[in-house]
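Listed below are the residues making up each chain.
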Amino acid sequence: MNRTESSASDHPTPDRTPAGHDSAHLTIRPPTLADGGEMWRVARDSGSLDLNSSYSYLLLADHFSDTCRIALLGDDVVGFVTGYLLPRDPSRYFLWQVAVDERARGHRVAGRLVDSVLDEVPGVESLATTVTADNASSRRVFQRLADDRGATLTERSGFEAHHFPDGHEAEPLLVIDGLGRR
Ligand SMILES: CC(C)(COP(=O)(O)OP(=O)(O)OC[C@H]1O[C@@H](n2cnc3c(N)ncnc32)[C@H](O)[C@@H]1OP(=O)(O)O)[C@@H](O)C(=O)NCCC(=O)NCCS
């Protein structure tokens, strides 16, 4: 697996550098087990994500590092994406969660995290994720990603409210087909 790191200096466009960190280096890389705790912390502080057990973030960071990424400003983890290739269709990347710390939002860090997976994991032709109807920021990320790659985003029924045992709202499925390496 190619684990090439990318840094903000590769993309010097000023609006891609999170505010207050103009001189800091934004690094995107696969996580290691040691990063799992900070991924849990970013999820906890995100304000809107379902917070999974700390154990699950350690497991993702350790066992699924090829298809997960973290974003660092200096030594600080400020974002992550988690996901895996669907066991029944390894050409489809299922993106489980993406989150960026409030201080780094609005600078396309989320898109760069997802790009890193799509650019470095071979054989991915489509992406699927679920996003609640009211999550406009997240929907912007996926629409832009589809547009940037000349791909098609469609919305389908995903995990419906009645599937959840705890009153969780419906999670419609967004699918981006036609992903190519840029
Ligand atoms: C969704 C999220 C990951 C986007 O990360 P990001 O790196 O800020 O993404 P972008 O910079 O591409 O911004 C996406 C949209 O967020 C909105 N946005 C911009 N600045 C923002 C800020 N400071 N705070 C909140 N939202 C902002 C804008 O609508 C933007 O779209 P635009 O650039 O076309 O105007 C981030 O907002 C987040 O962590 N949210 C909480 C967790 C979540 O909902 N995750 C998705 C479900 S798995």
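Residues numbered from 1 in each chain as written. Predicted model: local features only at pLDDT ≥ 70, side-chain atom pairs only at ≥ 80, totals over all residues. Heavy atoms only, no water.

**A few points about the overall build of the chain**
Which entries qualify depends on this criterion: Only runs of H or I of at least four residues qualify as helices and only runs of E of at least two qualify as strands under DSSP, and these elements are numbered from the N terminus. For the exposure calls, accessible area comes from a 1.4 Å probe over protein chains only, and a residue counts as buried if that area is under 20% of its type's maximum, exposed if over 50%, partly exposed in between. The criterion used for residue contact is that any of the two residues' heavy atoms lie within 4.5 Å.
The number of helices and strands found in the chain is 4 helices and 8 strands. Taken from the N to the C terminus, the helices and strands of the chain come in the order β-β-α-α-β-β-β-α-β-α-β-β. Per-residue burial for the chain yields a buried fraction of 46% across its 182 residues. When contacts within the chain are restricted to residue pairs at least 6 apart in sequence, those whose partners lie at least 24 apart make up 62%.

**Some words on the site of the ligand**
Condition: Note on terminology: near, applied to a residue and a molecule or strand, indicates that one of the residue's heavy atoms is within 4 Å of it. By the criterion applied in these results, polar contacts are pairs of N or O atoms within 3.5 Å in which, for protein atoms, one can donate a hydrogen and the other can accept it, and in which residues neighboring in sequence qualify only through two side-chain atoms. Each accessible area value is a Shrake-Rupley result obtained with a 1.4 Å probe; residue values ignore everything except the protein chains displayed when judging cover.
For the ligand, the set of nearby residues contains 19 residues, the closest of which are V98, R108, N135, R140 and R144. The contact in question runs from an oxygen atom of the ligand to an N or O atom on the backbone of A110, over 2.9 Å. The side chain of N135 places a nitrogen or oxygen atom 2.7 Å from an oxygen atom of the ligand. For the ligand, whose unbound accessible area comes to 910 Å², protein coverage reaches 77%. Going through the elements one at a time, β5 (89-100), α3 (109-120) and α4 (136-148) are the ones with two or more residues in the shell around the ligand. For the shell around the ligand, the element with the highest residue contribution is α4, accounting for 5 residues.

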